[in-house]
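# Structure assessment
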Amino acid sequence: MKKRMTQAQFQQIRRWVLHNGRPLEWARWQALFEGGSRNQAAEVLSGYQNADGGFGWGLEPDCMNPQSSPYQTGSALALAEALQLDAHDPLYRGAFAYLSQESTAYRDGWPFTIQSNDASPHAPWMGYDPKLNDAESFGLNLGLARQILTHDCDDKTLRAKAEAIVVKALEQLFTQEDFGEMGVDAFCGWLPQLDFLPATAYTQDQIRERILTLIEKRVERDPAQWQEYKPRPSYFVRSRNDAAYPRLKDLVEAELDYLIDTCPEGDVWEIPWNWAGLYPEAFRVARTQWKGWKAIENIAFLMAFDRIEPAVQKGNHTDE
C-alpha cells in the first residue's frame, strides 16, 4: 500500500500557510485546494504588477526589487498558468506590454538579471551580472516565449520575437547538452504544448524524444541528494498525464514517499538553498515566503497522485 499524508499533517501545513504565508500564498492555497476563486488569487497576484505591466515587489522572494524585471514577470506568468487563469486576463496583456518594450530587451530576448536588482535585498545569483545573463537567459527566454505563443498575444512584433527565440532554441536542442540551470526546465514546459511550436525542420516526436532524454539526464536520481538544491522528479512531472511520467515513474513515487517522510511536525518543508550570508534579515523573510510557496507545490504534487488521506467529514474549515 502506498504511503499517504495524514489529514493531521495536511491541516498542519494548511495552518502554517495561513499563519505564515503571504496573502498571495493563502489565495493560491484556497484557489487550488479549497474551491476558492481563481480570479481573487489573480487579483492578489496583480498586486505585484507595476504600471508598465511587468512584475516586481519581491514576487519571487529571492529578489526584492520593486521594479519590473523579465524574471519576476516570468514567475508571475508561471503562477497564472498554475492557477489556470483565462488567456484574456488583463494580467497577461500587461505582462506582454512590458516585454514588448525596447528598454526590456537583451540581445534577442530578455535579461535574467537587471541593474536595479542591486538596490534591493537579493540572493547572490540575482545581483546584476552580464556573465550570468549569458548563462541563464536561455531558459528564461524560452519560458517567456512559450507564454507569449500559447496565450492570446496580439502584438505581432512580440510574437515574431518569441517565435525566433523558439526556432533558435530548437536548433540548439539537437546540438547542445548544456542549457544552463533553467534550460531543460523550460523545454519541459513545452511538452504539453508542442502544437504551439513554430514550424521547424523537426517533428513533434523528435522534439519530444529529445526533451525527454535531456530530462532523464538532468533529474537527480539519488533520494539522499534531494535535501540539497538538486532537480527532483517533481521538477519535470506534476501528474500522471505528463510526458516524462512513464520514464520517471519509480522516481516520482519515491519522491512522493520522501515528501511524506520528511514533512516536519508543526512546520513545512525547509528550502534547500540560502543567500550565503547576504542580507541575513531579508533572507529570513524570503525563506518564510519560499517555504509557503514550496509547501503549496508539494501539496499539489501529492494531491495529483492521491497521496493525501481524504477528510473524514466534509465541511467548512475552522481557521485558527
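As a reminder, the structure under discussion sits directly above these lines.
Residues numbered from 1 in each chain as written. Predicted model: local features only at pLDDT ≥ 70, side-chain atom pairs only at ≥ 80, totals over all residues. Heavy atoms only, no water.

## Considering the packing of helix α2 (residues 23-33) against helix α11 (residues 280-304)
To keep it simple, the criterion reads: Axis definition: a line fit to C-alpha positions, over the contact stretch in the case of helices; interaxial angles, taken between N-to-C directions, run 0 to 180 degrees. Strands here are runs of E lasting at least two residues and helices are runs of H or I lasting at least four, both read from the DSSP assignment and numbered beginning at the N terminus. When describing relative orientation, an angle under 35 degrees is termed roughly parallel and one over 145 degrees roughly antiparallel, while 65 to 115 degrees is termed roughly perpendicular and anything else oblique. Should any heavy atoms of two residues lie within 4.5 Å, those residues are considered in contact. Charged means Asp, Glu, Lys or Arg here, nonpolar means Ala, Val, Leu, Ile, Met, Phe, Trp, Tyr, Cys or Pro, and polar covers whatever is left, Gly included.
One can describe the packing of α2 onto α11 by two numbers: an axis separation of 10 Å at closest approach and a directional angle of 10°. By the criterion of interaxial angle, the relationship of α2 to α11 is roughly parallel. In contact with E25, R28, W29, L32 and F33 of α2, α11 contributes Q289, G292, W293, I296, E297, I299, A300 and M303. Class assignment of the residues belonging to the contact of α2 with α11 gives a composition of eight nonpolar, two polar and three charged.

## Points about the layout of surface pockets
Cut-off, in case you're wondering: Points on a 1 Å grid, built from protein atoms alone, make a cavity when a 1.4 Å probe fits but cannot get out and make a pocket when they are open with protein on both sides within 12 Å along at least 5 of 7 lines; residues with an atom within 4 Å of a point are the lining residues. Grid points are joined across faces, edges and corners, and a volume is the space filled by probe spheres set on the points.
Considering only enclosed or pocket space, the second largest pocket measures out at about 450 Å³ in volume. As for the second largest pocket, its lining consists of 21 residues, of which S137, F138, N141, K168 and Q172 are closest to the centre. Considering every element that reaches the lining of the second largest pocket, the biggest residue donor is helix α6 (residues 130-150), with seven residues. Of the residues in the lining of the second largest pocket, the class split is eight nonpolar, seven polar and six charged.

## Quick notes on the packing of aromatic side chains
Cut-off, in case you're wondering: The aromatic pairing rule takes the rings of Phe, Tyr and Trp, using the six-membered ring of Trp, and pairs them if the centres are within 6.5 Å, calling planes under 30 degrees apart stacked, those over 60 edge-to-face and the rest tilted. Each residue is assigned to one of three classes by its accessible area relative to the maximum for its type, calculated with a 1.4 Å probe on protein chains only: buried under 20%, partly exposed between the two thresholds, exposed over 50%.
The tally for this structure, following the rule as stated, stands at 16 aromatic pairs. Seen from their ring centres, Y71 and F112 are 5.0 Å apart, and the 70° between their planes marks the pair as edge-to-face. Placement of Y71 in helix α4 (residues 70-82) and of F112 in the loop between α5 (90-99) and α6 is noted, with a sequence separation of 41 residues between them. Taking relative accessible area as the criterion, Y71 reaches 15% and is therefore assigned buried.

## With respect to the side chain of N298
Mapped onto the secondary structure, N298 falls in helix α11. For N298, a relative accessible area of 11% corresponds to the buried category. Not counting residues within four places of it along the chain, the set of residues in contact with N298 comprises L259 and W269.

## Focus on the nonpolar core
Heads up, the rule is: To qualify as a nonpolar core, a set must consist of buried Ala, Val, Leu, Ile, Met, Phe, Trp, Tyr and Cys residues joined through side-chain atoms within 4.5 Å.
Judged by nonpolar contacts, the single largest core of 95 residues is most densely connected at M5, I13, I215 and I299. Apart from the residues within four sequence positions on either side, I299 is in contact with M5, F10, I13, W29, F33, W269 and I308.

## Structural notes on the environment of K291
Its place among the elements puts K291 in helix α11. Spatially, the C-alpha atom of K291 lies 12 Å from that of R14, the residues being 277 residues apart in sequence. Not counting the four nearest positions on each side in its chain, K291 is found in contact with W16, D267, V268, W269, E270 and I271.

## Topic: the packing of α4 against α6
Short version of the rule: Helix crossings fall into two classes, left-handed where the near helix is turned counterclockwise from the far one by less than a right angle and right-handed where it is turned clockwise.
With their axes 10 Å apart at the nearest point, α4 and α6 run at an angle of 45° to one another. The angle between α4 and α6 falls in the class oblique. The element α4 and its partner α6 pack so that their crossing is left-handed. Counting all contacts with α4, which are made through P70, Y71, G74, L77, A78 and E81, the residues of α6 involved are L140, L144, R146 and Q147. Classifying every residue of the contact of α4 with α6 gives six nonpolar, two polar and two charged.

## Some words on the environment of A169
Considering the arrangement of structural elements, one finds A169 in helix α7 (residues 156-173). For A169, a relative accessible area of 2% puts it in the buried group. In this structure the C-alpha to C-alpha distance between A169 and F138, which are 31 residues apart in sequence, comes to 8.1 Å. Setting aside residues up to four positions removed in sequence, A169 forms contacts with F138, L142 and F187.

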